[in-house]
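# Architecture at a glance
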Amino acid sequence: MRRSVAFIAGASIAFAAALPVVAGDFRVRQTDRHFSVVEIDARVSDEIEFVNDDKVAHNIFSRSIVQPFDLGAQRPGESLRIRLAGAGEMKIECAIHPKMRLTIRVVK
Ligand SMILES: [Cu+2]
């Protein structure tokens, strides 16, 4: 009996891990000219929300081959999103503050 309970528990954990993550899967804040996280492990089609909690503007971009983009000027309080389009590693930077760095590893 105990054995079958353990099996069911294990199966439900595996099922939960296989479920797709809902939209707005990751939220990255920009505070004191830094990203709130430096690394993210995500999946293709996950959404990353960038929230500017600073008193200054930012300009998030990536030259990554996987998904190059430039979100342009982001005012304080503004929230911008990207949806991850391909697998690979992305380096995210800010055109205004070169020390701002974020790595997103994307798997299928
Ligand atoms: Cu910046």
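Quick caveat: nothing in here was measured; it's all calculated off a predicted structure.

Procedures and definitions
Residues numbered from 1 in each chain as written. Predicted model: local features only at pLDDT ≥ 70, side-chain atom pairs only at ≥ 80, totals over all residues. Pairing = 2+ DSSP bridges. Helix = DSSP H or I, 4+ residues; strand = E, 2+ residues; numbered from the N terminus.

## A short note on the sheet that holds strand E4 (residues 47-52)
In space, the four strands of this open sheet follow the order E2-E1-E4-E7, with mixed pairing throughout. Each edge of the open sheet carries a strand with a single partner, namely strand E2 (34-35) and strand E7 (79-83). Bridging between E4 and E7 involves five bridges; their strand directions are antiparallel. Within E7, the position partnered with Val-51 by the bridge is Ser-79.

## Digging into the sheet that holds strand E3 (residues 39-43)
A sheet is described by the order of its strands in space; here five strands give the open sequence E3-E9-E8-E5-E6, paired in mixed fashion. Edge positions in the sheet fall to E3 and strand E6 (69-70), since each of these pairs with one other strand and no more. Here two bridges tie strand E5 (residues 60-62) to E6, and the two strands are oriented antiparallel to one another. Considered in E6, the bridge of Ser-62 is made with Phe-69.

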